[in-house]
Amino acid sequence: MGNKQTTFTEEQLEAYQVMLESEEQRLHGRFRELAPHLVPLDYTNNPDVKVPLTLIVTMPELKENPFRERIVETFSEDGQGNLSFNDFVDMFSALCEASPRELKTIYAFKIYDFNRDNFICKEDMEKTLNKLTKGDLTAEEVALVCNKAIEEADLDGDSKLSFADFENMISKAPDFLR
Amino acid sequence: MSEGEMARLMEEVEEKKKLIATIRNKPWRMKRRLVLLREAQQFVDKFEGALGKGKGRKWYAYKVMMTKKWIKFQRDFENFRTACIPWERKIKEVESHFGSSVASYFIFLRWMYGMNLVLFGLTFGLVVMPEVLMGLPYGSIPRKTVPRAEQDTAQDYSVLMDFNGYCKYSVLFYGYYNNQRTIGLLKFRLPLAYLMVGLGTFGYSLMLVIRTMAKNADVGGGDGDEGEFTFAWKMFTSWDYLIGNAETADNKYASITTSFKESIVDEQENQKDENIHLRRFLRVLANFLITCSLGGSGYLIYFVVKRSQEFANRDDLSWYEKNELELIMSLLGLVCPPLFETIAELEDYHPRIALKWQLGRIFALFLGNLYTFLFALFDEVNTKVLNSIGRMFEYYANFSLPVNDSDATPPPMDPGDVILGPCWETAVGIEFVKLTVSDIQVTYLTILIGDFARAVIVRFLNYCWCWDLEAGFPSYGEFDISGNVLGLVFNQGMIWMGAFYAPGLVGINVLRLLSSMYYQCWAVMATNVPHERVFKASKSNNFYMGLLLLVLFLSLLPVVYTIMSLPPSFDCGPFSGKEKMFDVIMETIDLDLPAFMGTLFSYAANPGLIIPAVLLMVLAIYYLNSTSEAYQNANMELKKKMQMARDEEKNRRNNTDSTNQVMKDLEDLLPNRSLAPPALPEPG
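Residues numbered from 1 in each chain as written. Chains lettered and ligands numbered in written order. Predicted model: local features only at pLDDT ≥ 70, side-chain atom pairs only at ≥ 80, totals over all residues. Heavy atoms only, no water.

An unreviewed UniProt entry lists chain B under the name Transmembrane channel-like protein, with Oryzias sinensis as the source organism. Its UniProt record gives chain B the following Subcellular location (unreviewed entry) comment, quoted word for word: "Membrane". Comment text from UniProt for chain B, heading Sequence similarities (unreviewed entry), reads "Belongs to the TMC family." (UniProt positions renumbered as here; feature names shortened; annotations may be inferred.)

The name an unreviewed UniProt entry assigns to chain A is Calcium and integrin-binding family member 2, from the organism Oryzias sinensis.

S.K.: I'd like a rundown of the nonpolar core, residues and numbers included.
M.R.: If you look at the biggest cluster of nonpolar residues, it comprises 98 residues, and the most contacted ones within it are B:Phe106, B:Phe108, B:Trp111, B:Phe373, B:Phe500 and B:Leu548. Leaving out residues up to four positions away in the same chain, B:Trp111 has contacts with B:Leu208, B:Val209, B:Thr212, B:Met545 and B:Leu548. Listed in part, the 57 residues of the second largest apolar core include A:Ala35, A:Phe75, A:Leu161 and B:Trp239. (Core = buried A, V, L, I, M, F, W, Y, C linked by side-chain atoms within 4.5 Å. Buried < 20%, exposed > 50% of the residue type's maximum accessible area, 1.4 Å probe, protein only. Contact = heavy atoms within 4.5 Å.)

S.K.: Residue-level account of the packing of helix α4 (residues 88–98) of chain B against helix α15 (residues 504–527) of chain B, with values.
M.R.: Residues and elements named next belong to chain B. It is the contact of α4 with α15, at a shortest axis distance of 11 Å, that shows an interaxial angle of 30°. Taken together, the axes of α4 and α15 lie roughly parallel to each other. When the axes of α4 and α15 are compared, the crossing they make is left-handed. Residues Lys90, Ile91, Glu93, Val94, His97 and Phe98 of α4 touch α15, and the partners they reach there are Met517, Tyr518, Cys521, Val524 and Met525. (Axes fitted to C-alpha atoms, helices over the stretch in contact; angles between N-to-C directions. Helix = DSSP H or I, 4+ residues; strand = E, 2+ residues; numbered from the N terminus. Parallel < 35°, antiparallel > 145°, perpendicular 65-115°, else oblique. Left-handed = near helix turned anticlockwise from the far one by under 90°.)

S.K.: Got a sec to walk through helix α10 (residues 276–313) of chain B? Specific residues and values, please.
M.R.: The end-to-end C-alpha distance of α10(B) is 57 Å, a good match for the 56 Å that 38 residues give at a rise of 1.5 Å each. The complete set of buried residues in α10(B) reads B:Ala286, B:Ile290, B:Ser293, B:Ser297, B:Gly298, B:Ile301, B:Val304, B:Val305, B:Gln309 and B:Phe311. (Expected span 1.5 Å × (residues − 1).)

S.K.: Let's hear about the UniProt feature "domain: EF-hand" (unreviewed entry) in chain A: which residues, and what values?
M.R.: This chain's UniProt record puts "domain: EF-hand" (unreviewed entry) on residues 63–98, 100–135 and 141–176 of chain A. As annotated, residues 100–135 of chain A has a helix share of 67% and a strand share of 0%, and its two end C-alpha atoms lie 33 Å apart.

S.K.: An account of the confidence of the model for chain A is requested, with residue identities and associated values reported.
M.R.: Summing up the model confidence of chain A, the mean pLDDT is 74 and the portion of residues at 70 or higher is 79%. For chain A, per-element mean pLDDT is lowest for helix α1 (residues 10–15) of chain A, which scores 52, and highest for helix α8 (residues 122–133) of chain A, which scores 84. (pLDDT = per-residue confidence, 0-100.)

S.K.: Please give an account of the pattern of salt bridges that cites residues and values.
M.R.: All names here are of chain B. Tallying each qualifying case throughout the model produces 13 salt bridges over all chains. Glu78 is the salt-bridge partner of Arg81, the closest N and O atoms lying 3.5 Å from each other. One end of the pair, Arg81, and the other, Glu78, are both in helix α3 (residues 57–84), 3 residues apart, so they sit about a helical turn from each other. Classification of Arg81 as partly exposed rests on a relative accessible area of 49%. (Salt bridge = Lys/Arg side-chain N within 4 Å of Asp/Glu carboxyl O.)

See below:
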């Protein structure tokens, strides 16, 4: 690669087809500033480094999001929220505007599925609702909303939402692009 | 390798290539993606070369390499283009503080700026520059010179601010342009270019607006019933993932909670026993009041325009009297919308419906104002045209005198001394420019006083005031999205109308949009607070585009009417001396194009050809309409089927009786019910 110190090889850049080299450098810069002692400057050898959850949720884009822990957990390989650089890139490319709707639907389902059983059951919904309203609704109100939501979206009658139910419901939503 | 093997190998290579192209869309882990990608690329590299064996292998390998380079170039170019979009960071910042609906205004503003930039390029490059570079300079002919009588005051600031004096006789306005058929060495046909650019402006804008609407319609998609998934949508789609600011996030939490509570109350409540007659009466009353105020504002404008015509004959005008028209129009635009909102309290509609009514009324207000202004203006124009016929005779009379006296050519008169007839196009252009400028001034002043001064007062007076200024009245302002968007739309309508009479207007607008972007971004970040009810910009994008389209058509009408029916002034502008403005096209066809084109056009203009063409278009519209209706019907059928299937499944699971009589009858014939649900049998 000549005398210039580069962070990535040409192939790595090709592989990260999602973005431009400078954006890639920028993302790497952001990744690094979360944990400068952990993340090396030179990525040409694909080092195996993971940044823990607690550091990632301090990013300004995620700080105010009620689902930040779930988002990070969804994109981490071990499910505990420790992201390698690949996962980091994954997360931002899925959340960006250019990513396709189907991809977002899949990830949204994973995010809202708190207990990771591939169904959004009533407990998952209660947790979602409480995070959204910061606990301002009473218990009966929460129960009512969850029941109504299941009633509306559940197609196969098992009182929880499978991915097919979720997708069917989301695909008709006018606001779901972000 | 045999033929069959080669074909199979080619298929595999194609498959791998497709995989490489779509790999970014698959929801896999990055590691998995990288591994698969490497595998696929290696496979393709290995076998693509092999396929070329015996078939000009070198050429095949070369082609493959060129394709790769071309794809890489395209990707780089695409990345470069995305990086070039201006103001992206600024808009993202606004978005994270205020939510996506406020940011959508700025995205709209940026889009408008792009469109105006193109229009400016067209006008400047094809009309202004040729006249400046190749046409006669200032002061050479009467239409380009300030008349002797005005020369003393022509440089005064107050005169320039009114766009008289040197401004009036400059490239800004229609009257400056010469009617020579061709100018300069290149034989540039300026009058033709002027007409074509005027019409091309509308054509380009139309194409752009429709293309954007079509793109938005694709994304908007969703045809589901509004009430179908209320709670589920509220739960899963209400959070705006782009919010990055704590205050906005707090507001968002509060608004989500409120919206849940509202829906819960809606769900729990029974039909209210309301006095429906009282409600109806109040609504009728409200509409009546609003119609009255709309009529009142229209009459006020008409009255003021008539007064300004009288003022035009006087010379001793105060500043107020000179600018009365523009002031009144801007004030009406400021005062009436809050008035409408207050009256609408009587109606007691659901907030979303109330907003639609409000937008419709503001639109009617602006439209009424604009058209009243236009009618009054064209009244004036007609009087001027009639006057100018008298002046024409006077003009010729003056010129013919010296010729009668001697045989020599008449002594060259100083261009400043020649009597010019009234140039109504320039007058109309001046009116539009003044209106635009006053609109700009009012907007900027409103932001400065209504938002900035208010914020400063609230912030600093709060220390020594009896009640909490920040929480109660007046507190900080919120960004008025619909008001600003409508203002932008109507401003653009005025530009479209005025650009034909004042080519410099588009340039003024470009400057205005540019400064507006920076100014409003600063104002919003420094002086506004996020809305109490933070809401998302959903399908309303196409609503504003639809408004823009309507305004485009409405502003097309006066210009086309002028081109087709009104005679141009006889001594100013590129069409002077002709009977109608579009005669310049006829002239070009006769003189410049080869003979057969002339005959071709005359055949095409034959009614015998035009009427069948119109009939054909009507038939095409009818056909497309009926096909789309058929598709919609098919859609409804499919939806009904899905709904029926879903209900059946639910009923089956819950062991309740099916409501469908046919299904009931067939149930006895069906096998064991506890098995996996069978496919829906054909009824009857």
